[in-house]
Amino acid sequence: MRRKWTALWALPLSLVMLSACSTGNPSAQTDTQAPSADGKVTVEFWAAPNPTQQAFWQEMAEAYKKENPNVTINVSAIKESPTSEASIQAAIAGKDVPTMSENINRGFAAQLANSKALVALDTLEGFDDAVKSRSMTNTIESWKFSDGHQYVLPIYSNAMLFGWRIDTLKELGYNEPPKTYSEVLELTKKLKEKYPDKYLWAKADLVDPTAWKRWFDFFMLYDAASGGNKFVEGDKFTGDDKAGVETLTFVDQLRQSKGLLAQNVTDPFETGVGVFTDLGPWMFTTWAEKFPEMKYGDNYTLSMPPVPDGMDPADSKTFADTKGLVIYAQAPAEAQKAALAFAKWVYSDPQNDAKWFEKTMLPPARDDLSDNEAFKKILEANPQLQPYAANVPNAVPSMDNAKFNEIQTLIGQEAFNKVVRGEIDPQTAWDNMKKAIEGELQ
Amino acid sequence: MNSNNNRLGWTFASPYLIYSLVFFLGPLLWSFYLAFTNWDMIAPTYEFVVFDNFAKAFRSEGVQSAFWVTYKFMLVFVPLVVAMSLVVSVLIHGLPRFKSLFLIGFFLPYLSSGVVSALIVKGFLSYNSPLNEGLRAIGIGIDWLGGPWSALFVVGLIMAWKFTGYYALILTSGLENIDREIYEAAAIDGVSSTARFWRITLPLLYPALYTTLILAFGVTFSIFTEVYQLTGGGPNFATNTWQMEIFSQAFKNLQAGYASAIALLASLATFASIFLIRKLLELWGKRNGWV
């Protein structure tokens, strides 16, 4: 009898214990990455969770396998549960990391590097050759972290631009977008006179403190006003006070002119509710499917961010939306080496970058984007991409501080969001934000 | 015999007990430990910071807002969901046929994805939606998700829509247990339908209502998906719930230790609040002679 009860208890207990011991992944990734006795290596590659990028990496993996039969690159999409960053964090905590992943921004890489979760790529043999063979020596320089190492191999770099509804601007008597603050305010005035229901910038994110949203409003304007000043260097706040207050004052003046609509609006730029928006090249593939009527030069055009009066618009800088590849420290050394060799193989042929560019519309992070023959055809066929390629040198990547999320949340909470809502004057907003960030960095 | 029954009971309960030990008690103890560290779940090393995380949490605007926002959600969500589920259950109870079919229909939103329903509502309430364009045409402009109380109301309404069918199930079963003869006797005595509801239905429905209320109050401590999708905790922390704050600290700021401290504070607030609410509900029932 006792045996019967013991058996009844043992069954569920052992099932639960087994499930608790499981990694949650039947393939138990770090085990599969270890080299087998016959010298075969498997690299687990997590691609961005979008079909285009996944298809590109799948194609590369298959082509690589043909030339390197001993190396298998397993491409799968990063899970978004609820964000890709959270999935990566959970994978690291669960010791179930891939060998490498893409879609990593500099701020998140700084968080991971700070926790020693990433391999410093420059310590791996062959990294310098990979950089040279891809012609990205200058581009990658700004990616160097404050400890002097390179943790990310940038894949693409979008010099974020502002889109303008040129059709509406022409109706207001403009043939090109305004370039300075006073010109933008003048345009806003004319817009509201003619179309009281339209806005200059219609976007709910303007009042949302979520950290990454500051890249596409505050930092675009601030980078232009400050000539690309580094907001934070190491553990020090190094923001440009004059440029910061000018940026916030400009936003405040737009609000006073009723040029801002900080509400949830469906496709505001495409429907013409707003005539100005931050625009990344990823939108063009969406537009091709959803808004085929959006034609560069016909109803929209692109420009660098406007600058404060008295500053030369030609000196305008912008935020570089750029993401890259990382290799994880938990992965076996053989798999790490194989991962870098794979990246080197992909980027040694400009045609692969050209394929990427054509499929994703995201400009490869290369020094020769405007000159290399491999990209000329794509740029000629897609003239809207030319300003992005031309402004790569004017784009400033995000800060490499491990507390970037807290810092950028404070920019929104203490300054930008409040100014947009008209709750605070720009100078006080800047001072409060600066004090809060300095406190956070201590 | 008794001993055998005991064993049988424990055996049948064992899968859930073991599951709870591994997936609830284990993480709870682990989280208690983490709350005293500065670990981010990634770094190979970490330090014990004693009560630093708790001290930081007490000073944090995000944590303070999460505390108060929960009670604001209670003010919006609980009356709304109880009233809606009560109406639904009374209507369904009065149906001559197809009661189960209607109950299933109302229960379906409970099974729907919070992400999808939130996105649909977001589109419905957008500035250029037909609803808002229509309202603006008659001079009414509402920034539904931009105002602190309107955002709370929208989230509360979605939650109420989701939970109405579930609570209506409980209340309907409570109504089904009320003897019809009591109503018939009251009708013969000339008691009006309103008086019948207040004097007969409500007192006899008290046990089901008590369960529903406790569940509804409990829900307000675990709101996440709808807020995450619709407002991100804004505007200005107006919808920042405990779960949003824990998520932000653990997965955005990578501060698992601090997030664990907030989670412990959240569980304390939940336990204390539910305990107090239970006592008040029991007092309400006793005062009226319902229990």
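The coordinates are above.
Residues numbered from 1 in each chain as written. Chains lettered and ligands numbered in written order. Predicted model: local features only at pLDDT ≥ 70, side-chain atom pairs only at ≥ 80, totals over all residues.

Trainee: Describe the overall build of chain B, listing the residues and the values that go with them.
Mentor: Tallying secondary structure elements over chain B gives 12 helices and zero strands in all. Reading chain B from its N end, one meets helices and strands in the order α-α-α-α-α-α-α-α-α-α-α-α. The dimensions of chain B, computed from C-alpha atoms along their principal axes, are 75 × 75 × 35 Å. Each of the 291 residues in chain B was classed as buried or not, and the buried ones make up 33%. Restricting to contacts in chain B with at least 6 residues of sequence separation, those with at least 24 account for 74%. (Helix = DSSP H or I, 4+ residues; strand = E, 2+ residues; numbered from the N terminus. Buried ≥ 20, exposed ≤ 12 C-beta atoms within 10 Å, placed from the backbone. Contact = placed C-beta atoms within 7 Å.)

Trainee: Break down the nonpolar core for me, with residues and values.
Mentor: Within the largest apolar cluster, 191 residues are counted, with the highest numbers of intra-cluster contacts made by A:Val43, A:Ala109, A:Leu118, A:Val326, A:Ile327 and B:Ile262. Per-element accounting of this core gives the leading share, 12 residues, to helix α7 (residues 148–176) of chain B. Those residues within four positions of B:Ile262 in sequence are excluded, and the remaining contacts are B:Ala57, B:Val63, B:Glu245, B:Ile246 and B:Gln249. (Core = buried A, V, L, I, M, F, W, Y, C linked by C-beta atoms within 7 Å.)

Trainee: Pulling in residues and values, what's your account of the pairing of strand β2 (residues 71–77) of chain A?
Mentor: Residue and element names in this part refer to chain A. Relative to β2, strand β1 (residues 41–47) runs parallel, the two being bridged by seven bridges. Note that in β2 the partner of Trp46 across the bridge is Ser76. Regarding topology, helix α3 (residues 51–67) serves as the crossover connection from β1 to the parallel β2, and that connection is right-handed. (Pairing = 2+ DSSP bridges. Right-handed = clockwise from strand over helix to strand, strands pointing away.)

Trainee: Break down the sheet that holds strand β5 (residues 161–164) of chain A for me, with residues and values.
Mentor: Backbone hydrogen bonds hold the strands of a sheet together, and the pairing may be parallel or antiparallel. Residues and elements named next belong to chain A. Judged by pairing direction, the sheet is mixed, and its five strands sit side by side in the order β9-β6-β10-β5-β11 without closing on themselves. Either end of the sheet is taken by a strand with one partner, and the two such strands are β9 (260–261) and β11 (301–303). Both β5 and β11 contribute to a ladder of three bridges, which runs antiparallel. From the neighbouring strand, Gly163 faces β11, where its bridge partner is Leu302.

Trainee: Hey, could you go over the packing of α7(B) against helix α9 (residues 193–219) of chain B for me, with residue numbers and the actual values?
Mentor: All names here are of chain B. At their nearest, the axes of α7 and α9 sit 8 Å apart, and the two run at 160° to each other. As judged from the angle between their axes, α7 and α9 are roughly antiparallel. The two elements α7 and α9 cross, and the hand of that crossing is right-handed. Only Leu205, Pro207, Ala208, Leu209, Thr211, Thr212, Leu215, Ala216 and Val219 of α9 make contact with α7, whose side of the interface consists of Met159, Phe163, Tyr167, Ile170, Leu171, Ser173, Gly174 and Leu175. Partitioning the contact of α7 with α9 into residue classes produces 13 nonpolar, four polar and no charged. (Axes fitted to C-alpha atoms, helices over the stretch in contact; angles between N-to-C directions. Parallel < 35°, antiparallel > 145°, perpendicular 65-115°, else oblique. Left-handed = near helix turned anticlockwise from the far one by under 90°. Nonpolar A, V, L, I, M, F, W, Y, C, P; charged D, E, K, R; others polar.)

Trainee: How would you summarise the interface of chain B and chain A if you had to cite specific residues and measurements?
Mentor: Listed by partner, the interface residues are 30 residues for chain B and 34 residues for chain A. At the level of elements, α1 (2–34), α5 (114–124) and α11 (242–252) of chain B are the ones that each hand at least two residues to the side of chain B that touches chain A. With seven residues, the top contributor of residues to the side of chain B that touches chain A is α1(B). Looking at the side of chain B that touches chain A, its residues break down into 15 nonpolar, 10 polar and five charged.

Trainee: Quick rundown of α7(B)? Include the residues and the values.
Mentor: An α-helix turns once every 3.6 residues. As a result, residues three or four positions apart point the same way. Taking 1.5 Å of rise per residue, 29 residues should cover 42 Å, and α7(B) covers 40 Å from first to last C-alpha, within 8% of that figure. Residue B:Phe163 marks the point of greatest curvature in α7(B), where the axis turns by about 40°. (Expected span 1.5 Å × (residues − 1). Bend = angle between axes of the 7 residues up to and from the residue.)

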